[in-house]
Amino acid sequence: KLKSNAWKGIPFLYRPQVWRIFLDYEPANTSLSSSVLQHKRNDYFDCLDRVFNESQRHLWTNSQKQTETQILKDLPRTHVQLIRNEERVKLLFERVLFVWAVRHPASGYVQGMNDLLQPFFFVFLSEKLLNNQNSGNNSNDNEIFDNIESIENLSTLNGLSEQDLNDIEADCFWCFSKLLDSIQDLFTKDQPGIYKMLNQLEAVVSRVAPDLAKTIKDEEIQYQEFAFRWMNCLLIREFPMKLVLQLWDNYVCDPQKISTMHVYVCAAMMAIL
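These notes cover the structure that comes with them. (Residues numbered from 1 in each chain as written. Predicted model: local features only at pLDDT ≥ 70, side-chain atom pairs only at ≥ 80, totals over all residues. Heavy atoms only, no water.)

**Quick notes on the overall build of the protein chain**
- Within the protein chain, the secondary structure is distributed over 15 helices and zero strands.
- Relative to the compact-globule value of 19 Å for 273 residues, the protein chain shows a C-alpha radius of gyration of 19 Å, a close match.
- By principal-axis analysis of the C-alpha atoms, the protein chain measures approximately 60 × 50 × 35 Å.
- Long-range pairs, those at least 24 residues apart, make up 73% of the contacts in the protein chain between residues at least 6 apart in sequence.
- Just so you have it, the protein chain exposes about 13900 Å², and 48% of that area is on carbon and sulfur atoms.
- For the protein chain, the distance from the average site of its 28 positive side-chain charges to the average site of its 35 negative ones is 4 Å. (Helix = DSSP H or I, 4+ residues; strand = E, 2+ residues; numbered from the N terminus. Rg over C-alpha atoms; globule rule 2.2 N^0.38 Å. Contact = heavy atoms within 4.5 Å. Areas by Shrake-Rupley, 256 points an atom, 1.4 Å probe, with all protein chains shown as cover. Lys, Arg positive; Asp, Glu negative; His and termini not counted. Charge placed at Lys NZ, Arg CZ, Asp CG, Glu CD.)

Below, the structure written as structure tokens:
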């Protein structure tokens, strides 16, 4: 029933918990939530300690060293000030992406994954900010929650403890992992999933917007020239975070259908334009 209503958009206040439930990370049984989340968060940091600890760096393969180098190149390129300038946030992104890459050697880290991590970070960050606000009895100060863009444009993490950040990091890792499990062919060698989606997009546009399809063909424009990033980053770079999260409510609701749904979203976007 919850999934059937998710297409309308999940209220901001409930989105963190609902996303965790949809991605089979948090149990629907609330009496088990706390213990299960704590167990999974501990699992993540145990894994992190095994692969990212300073004492382990001399054991890294060349591939792992290249992975860290590429991640550190990509993170400063994001338009999000908090990720560019806040060292603790950059470390969070670096560690989540690195651990995921080590655990998924078939694809490893690919450019664009840093963008796909952003929605999870902002959703779980908002949860901690809201909890801290409520505990501080600042119930009248709701500006940060009236508009998700205000969270996207935060420049500091004042008020968040190290434990808060650890919880955000672990939740990001597990939910990011679950999402990518359903679209991993977008990132494996030669990225076959992306080219399949591009071909499907061309076919759908030909049916629903034949005049547009003809123009694209007449101008000899290849779909990969403008839509590759749409598929690779699931429109993260195209829309404000508020709209991205509402779109992602549908993606997170049923990760196995993301590839199909996303093609129709892109086709609708082209037809409207």
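**Thoughts on the pattern of salt bridges**
- Summed over the entire model, instances satisfying the criterion amount to 19 salt bridges.
- Arg 20 serves as the salt-bridge partner of Glu 127, at 2.8 Å between the closest nitrogen and oxygen. Of the two residues, Glu 127 sits in helix H7 (residues 113–135) while Arg 20 sits in helix H2 (residues 15–22), which places them 107 residues apart along the sequence. Arg 20 matches Glu 127 in its accessibility class, with the two residues each being buried.
- In this structure, Glu 238 and Arg 229 form a salt bridge, with 2.8 Å as the shortest nitrogen-oxygen distance. (Salt bridge = Lys/Arg side-chain N within 4 Å of Asp/Glu carboxyl O. Buried < 20%, exposed > 50% of the residue type's maximum accessible area, 1.4 Å probe, protein only.)

**What about the packing of aromatic side chains?**
- Taken as a whole and judged by the stated rule, the model has 15 aromatic pairs.
- Ring centres of Tyr 44 and Phe 45 lie 4.9 Å apart, and the angle between their planes is 75°; on these two criteria the pair is classed as edge-to-face.
- Classification of Phe 45 by relative accessible area gives partly exposed; the value is 24%.
- Here the aromatic rings of Tyr 44 and Phe 173 are separated by 4.9 Å at their centres, their planes lie at 35°, and the arrangement is tilted. Of the two residues, Tyr 44 sits in helix H3 (residues 30–52) while Phe 173 sits in helix H10 (residues 162–181), which places them 129 residues apart along the sequence. Of the two residues examined, Tyr 44 and Phe 173, each falls in the buried class.
- In textbook terms, an aromatic cluster arises when at least three aromatic residues are bridged by ring pairs, as seen for Tyr 44, Phe 45, Phe 173 and Trp 174.
- The ring of Trp 174 carries Lys 40 above its face, with NZ or CZ at 3.7 Å from the centroid. (Phe/Tyr/Trp six-rings, centres within 6.5 Å; stacked < 30°, edge-to-face > 60°. Lys NZ or Arg CZ within 6 Å of the ring centre and 35° of its normal.)

**Side note on unusual backbone geometry**
- With a phi angle near 50°, Leu 234 is a residue other than glycine that sits in the positive phi range.
- Its place among the elements puts Leu 234 in the loop between helix H13 (223–233) and helix H14 (241–253).
- For Leu 235, which is not glycine, the phi dihedral falls at a positive 70°.
- Following the sequence through the fold, Leu 235 ends up in the loop between H13 and H14.

**Focus: the state of the cysteines**
- The final tally for this structure, using the stated rule, is zero disulfides.
- Left unpaired, Cys 47 is separated from the closest cysteine sulfur, that of Cys 172, by 16 Å. (Disulfide = S-S within 2.5 Å.)

**Regarding helix H15 (residues 258–272)**
- In a regular helix each residue adds 1.5 Å, so 15 residues correspond to 21 Å; H15 covers 21 Å between its end C-alpha atoms and thus fits that length.
- Lining the buried residues of H15 we find H10, helix H11 (192–208), helix H12 (210–218), H13 and H14. (Expected span 1.5 Å × (residues − 1).)

**So, the environment of Arg 95**
- Structurally, the position occupied by Arg 95 is in helix H6 (residues 87–103).
- Among the residues examined, Arg 95 registers a relative accessible area of 14% and is labelled buried.
- For the pair Arg 95 and Glu 169, spaced 74 residues apart in sequence, the C-alpha separation works out to 8.5 Å.

**As for the nonpolar core**
- Residues Phe 120, Phe 121, Leu 125, Leu 201 and Trp 248 are the most contacted members of the largest nonpolar core, which totals 87 residues.
- Each residue touching Leu 125, except ones within four places of it in the same chain, is listed here: Leu 82, Ile 151, Leu 154, Leu 157, Leu 160 and Ile 168. (Core = buried A, V, L, I, M, F, W, Y, C linked by side-chain atoms within 4.5 Å.)

**Structural notes on the side chain of Asp 74**
- Note on placement: Asp 74 falls in helix H4 (residues 62–74).
- Asp 74 sits in the buried class, given a relative accessible area of 4%.
- Within the local environment of Asp 74, its side chain forms a polar contact with the side chain of Arg 77, the two groups lying 3.0 Å apart.
- Among the polar contacts made by the side chain of Asp 74, one reaches the side chain of Tyr 109 at a distance of 2.7 Å.
- Not counting chain neighbours up to four residues away, the residues in contact with Asp 74 comprise Tyr 109, Gln 111 and Asn 114. (Polar contact = N/O pair within 3.5 Å; in protein donor to acceptor, adjacent residues only side chain to side chain.)

**Looking at H2**
- In terms of burial, H2 is largely enclosed, as six of its eight residues are buried.
- Here H2 has its buried residues at Arg 15, Pro 16, Val 18, Trp 19, Arg 20 and Phe 22.
- Of the residues one or two after H2, Asp 24 is the one with positive phi, at around 55°.

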